[in-house]
Amino acid sequence: MQENSSLQRALTHIADDQAQILDDLQRMLAVDTCFPPGLGYAAFADLLSTMLQPLHFNLQRVSVPDALWQTPDGSAQGERVNLLAALDAGAAENCNLYFHTDTVPAGDGWRFPPLALSVAENKLFGRGAADMKGTIVAALAAVRAAQRYQLRLRYNPVFLLCTDEEGGLYPGIRYLAEQQLFHGHLLSFNGGAVPRIWAGCFGSIDIKIIVSGRSAHSGDPLQGINAIEAALPLMNALYQLKGEVEQRVSAMPAPPHYQGQPLTALLTLAAAHGGSKGSTVPERFELLVNRRYAPEEPFADVWQELTQCVDKAMQGSAASDVTLQLIGHLAPVADPTGPHWPRWQAALSQGFGFPPAEFKAWGSATSSDMGWVQQAGIQEILLGGLARPDNRIHAADEYTTMADVIALSQSILAYLANDFQPTQGN
């Protein structure tokens, strides 16, 4: 890369901006945006507005209509506030930088306060540090550096700060895409700090199955219907279906850690709840099923297979009622590559130091809300982020590092800067 001196100074400045990076991350982690339930979105949008306004972004708050995101089980609560922040840099094209603002709940087992920034062991701990509030911090640092050195930008950056990626029924980015509230290509930060060419990802369905019986004294159960026992044929049938489903191989290239094994469809019996005490016949049993489906599998076929499995298993059952609830759905992503990928790969090499030869194309059976973006008509989606195999995303003591935040910020700045000229071979 032939580096313009102003661009090089801006890239170097990011490493000197650590005090502001830490302050931004601390303030973001302190706002609880866990989903479920998702009660903190409005407060987080307020915070980000105070950070973006001094950088001259134009702000628009968009709330997803209640009827679209509310789930039958009531697990989602609170206004679904998405924030669109656009910076007019005088460029001919927009680059949409996507971030989900929700996190998974903190959970147990933390050594550090989950809703605060803890700097220890050369790591930055906190729920959302890597997934993905740290990526917002990196993007802010990139824009600050660009403005400090008055860099001309190749793209107008548009921050899409969105709700309900962590398993929601109607993610915010889906609504924004379907309402055509942004245009241009999209850079998603729901990925990792790795030399990866994104080949797509699987879709994900969460289904809650509720089996109803009739309570009674366990010592006098003649009038009772045991909901757990009534559900045993269902669990056996789903476990049998799991074996069939997981024989289906996807053409999507598998991640390196699969060591040559292919990606396959998946079915998981993810949670089971029923009963309260030994002296009572349980009246209700709830089973949560997760189904990961490849882009080759039509959603209608996946749904039909699941519902038919449940119906057949529960035929003749003593249960008084069986109900299915779709409580989460992310569509698959297929072949998101496009003309902007080579520049983004070169920018990642600039920030993280990845040799060009290390970039490999691979997909994943994990899921993303980017499938809804594709279905709304935007095919090309770039991918980056802070995820690494060992930084405990979704687990206790989630962390990122200052080195990775700086490297991602430098990658973003290089990609946006007009003077960034990738060398041949990047």
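Residues numbered from 1 in each chain as written. Predicted model: local features only at pLDDT ≥ 70, side-chain atom pairs only at ≥ 80, totals over all residues. Heavy atoms only, no water.

Colleague: Any chance you could explain the sheet that holds strand β16 (residues 360–364) here in plain terms?
Modeller: Note: strands within a sheet are paired through backbone hydrogen bonds, in either parallel or antiparallel orientation. As summarised here, the arrangement of the three strands in space is β15-β8-β16, forming an open sheet in which the pairing is mixed. In this open sheet, the two strands that pair with only one neighbour each are β15 (333–334) and β16. In this sheet, β15 lies alongside strand β8 (residues 196–201) in antiparallel orientation, the contact comprising two bridges. Each bridged residue has a counterpart across the sheet, and for C201 the counterpart in β15 is V333. (Pairing = 2+ DSSP bridges. Helix = DSSP H or I, 4+ residues; strand = E, 2+ residues; numbered from the N terminus.)

Colleague: Even after reading the chapter, I still don't get the nonpolar core, so can you show me in this structure?
Modeller: Proteins that are soluble and globular tend to have nonpolar side chains buried together. Counting residues in each nonpolar core, the largest one holds 95 residues, and the members touching the most others are L48, F159, W344, I412 and L413. Once residues within four sequence positions are removed from consideration, I412 is found in contact with L97, A138, A139, A142, F189 and W344. Membership of the second largest hydrophobic core comes to 25 residues, among which are I209, L234, A265 and Y293. (Core = buried A, V, L, I, M, F, W, Y, C linked by side-chain atoms within 4.5 Å. Buried < 20%, exposed > 50% of the residue type's maximum accessible area, 1.4 Å probe, protein only. Contact = heavy atoms within 4.5 Å.)

Colleague: When you look at helix α10 (residues 341–352) in this model, what are you seeing that I'm missing?
Modeller: Each turn of an α-helix holds 3.6 residues, which means side chains three or four residues apart point in the same direction. Spanning twelve residues, α10 covers 16 Å between terminal C-alpha atoms, matching the ideal 16 Å at 1.5 Å per step. For α10, the tally of buried residues reaches ten of twelve residues, placing the bulk of the element in the interior. Looking at the buried side of α10, the elements it contacts are β6 (155–162), β7 (185–192), β8, β17 (381–387) and α12 (402–416). Once α10 finishes, G353 follows within two positions and takes phi at roughly 80°, a positive value. (Expected span 1.5 Å × (residues − 1).)

Colleague: Hey, could you run me through the packing of aromatic side chains in this one?
Modeller: For any pair of aromatic rings, geometry is given as the distance between the ring centres together with the angle between the planes. One pass over the full model with this rule turns up twelve aromatic pairs. Ring geometry for W344 against Y415: centres 5.6 Å apart, planes inclined by 90°, an arrangement best described as edge-to-face. Within this pair, whereas W344 is found in helix α10, its partner Y415 is found in helix α12, the two being separated by 71 residues in sequence. The same class applies to W344 as to Y415, namely buried. On the basis of an interplanar angle of 85° and a centroid distance of 6.0 Å, the ring pair of F354 and F359 is categorised as edge-to-face. By relative accessible area, F354 is classed as buried at 11%. A cation sits over an aromatic face here: K123 above Y399, 4.5 Å from the ring centre. The ring of W372 is capped by R174, whose NZ or CZ atom sits 3.7 Å from the centre of that ring. (Phe/Tyr/Trp six-rings, centres within 6.5 Å; stacked < 30°, edge-to-face > 60°. Lys NZ or Arg CZ within 6 Å of the ring centre and 35° of its normal.)

Colleague: I'm lost on the pairing of strand β2 (residues 81–86) in this one. Help?
Modeller: Two faces belong to every sheet, and in a regular strand the side chains alternate between them. For β2, the tally of buried residues reaches five of six residues, placing the bulk of the element in the interior. With six bridges joining them, strand β1 (residues 58–63) and β2 adopt antiparallel strand pairing. Residue pairing in the sheet places L59 in a bridge with A85 of β2. Note: β2 against β6, four bridges, orientation antiparallel. Note on β6: the bridge partner recorded for L84 is L160.

Colleague: For this particular structure, what's the right way to read unusual backbone geometry?
Modeller: The phi angle of most residues is negative, glycine excepted, and most peptide bonds adopt the trans form. A cis geometry characterises the amide bond from F35 onward to P36, with omega recorded as -5°. Examined against the element boundaries, P36 turns out to sit in the loop between α2 (18–29) and α3 (41–52).

Colleague: Explanation requested: the UniProt feature "domain: Peptidase M20 dimerisation" (unreviewed entry) in the protein in the structure shown.
Modeller: According to UniProt, the feature "domain: Peptidase M20 dimerisation" (unreviewed entry) maps to residues 202–313 in the numbering used here. For residues 202–313, the end-to-end C-alpha separation is 27 Å, with 29% helix and 29% strand making up the annotated structure. (UniProt positions renumbered as here; feature names shortened; annotations may be inferred.)

Colleague: Teacher, can you tell me more about α2 here?
Modeller: Here α2 contains twelve residues, and its C-alpha end-to-end distance of 16 Å stays within 8% of the 16 Å for a straight helix at 1.5 Å per residue. Listed in full, the buried residues belonging to α2 are I21, D24, L25, M28 and L29. The arc enclosing the buried residues of α2, seen along the axis, measures out at 125°, which places them on a common side. (Arc of directions from axis to C-beta.)

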